[in-house]
Each structure stands twice: as structure tokens, then as C-alpha cells.
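Understanding the architecture of this molecule
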Amino acid sequence: MKKLFLFMMLTLSLYACSQPETNEPEPETTPVDSVANMPDDFDFSIQFGVGKNNEINTFEGTVTKDLIENGTATAEISLTEEEMNQI
């Protein structure tokens, strides 16, 4: 009898924790309206990671990767206008 009671409680607990399904579609990601107003000289620089040793810098056209024990590696990068609009 105890096993049946425990089984029923477990079943009800799992049922109560389940998420209801919704038929709502996922929101689409669309470009921000300000993209149309993006200045011609739009560039950015972002540093991230431990010690901020990783960097993407479109002003200088470089990307730097922290190699932890082996210093850093820097490469030249050129983003297209479409990629800059996506950012």
C-alpha cells in the first residue's frame, strides 16, 4: 500500500512540474530600426574573457585571441557591410 501511495505521489509531482505547451511561434529576430541610420564610420571595439585579453577591434581591423599560456595571437579581420548591420 505504501508503494502504491509513493508511486501516485511521484506521478502527481511530475505531472504538476510539467510545462504547459503553447502554440505561440518563436519571436523572429529582426534588425533594429536604427540600422537604417547607421553612420558610415560605424566601428567598435570589444574586450572580453579573463583579464579582457580577447578583443575584436574594427577600428584597427584586428581580432586578438588569448592563448592563455602562449600569450596572444592577433589576426586582421574585415567585416562586410551586411555583417556590420547584423551587429
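Structure: above.
Read on for a plain summary of the structure.

Rules of the game
Residues numbered from 1 in each chain as written. Predicted model: local features only at pLDDT ≥ 70, side-chain atom pairs only at ≥ 80, totals over all residues. Heavy atoms only, no water. Helix = DSSP H or I, 4+ residues; strand = E, 2+ residues; numbered from the N terminus. Buried < 20%, exposed > 50% of the residue type's maximum accessible area, 1.4 Å probe, protein only. Contact = heavy atoms within 4.5 Å. Areas by Shrake-Rupley, 256 points an atom, 1.4 Å probe, with all protein chains shown as cover. Phe/Tyr/Trp six-rings, centres within 6.5 Å; stacked < 30°, edge-to-face > 60°. Pairing = 2+ DSSP bridges. Polar contact = N/O pair within 3.5 Å; in protein donor to acceptor, adjacent residues only side chain to side chain.

Helix and strand counts for the protein come out as two helices and four strands. Ordering the α and β elements of the protein from the N terminus gives α-β-β-β-β-α. Looking at the protein as a whole, 11% of its 87 residues qualify as buried. Sequence-distant contacts in the protein: of pairs separated by 6 or more residues, those separated by 24 or more amount to 15%. When the accessible surface of the protein is split by element, carbon and sulfur atoms take 57% of a total near 8,300 Å².

The next point concerns the packing of aromatic side chains. With the rule as written, the count across this model stands at one aromatic pair. Measuring from ring centre to ring centre gives 6.3 Å for F42 and F44, while their planes differ by 35°; the resulting arrangement is tilted.

Here four bridges tie strand β1 (residues 45-48) to strand β2 (residues 54-57), and the two strands are oriented antiparallel to one another. Residue pairing in the sheet places Q47 in a bridge with E55 of β2. If you look at the hairpin formed by β1 and β2, you'll find five residues sitting between the two strands, and G49 has a positive phi there, around 90°. By the bridge criterion, three bridges tie β2 to strand β3 (residues 62-66) in an arrangement that is antiparallel.

On to the side chain of T58, then. Position of T58 relative to the elements: it lies in the loop between β2 and β3. Within the local environment of T58, its side chain forms a polar contact with the side chain of D43, the two groups lying 3.2 Å apart. Polar side-chain contacts of T58 include one of 2.6 Å to the backbone nitrogen of F44. With sequence-adjacent residues up to four places away left out, T58 is seen in contact with D43, F44, L79 and M84.

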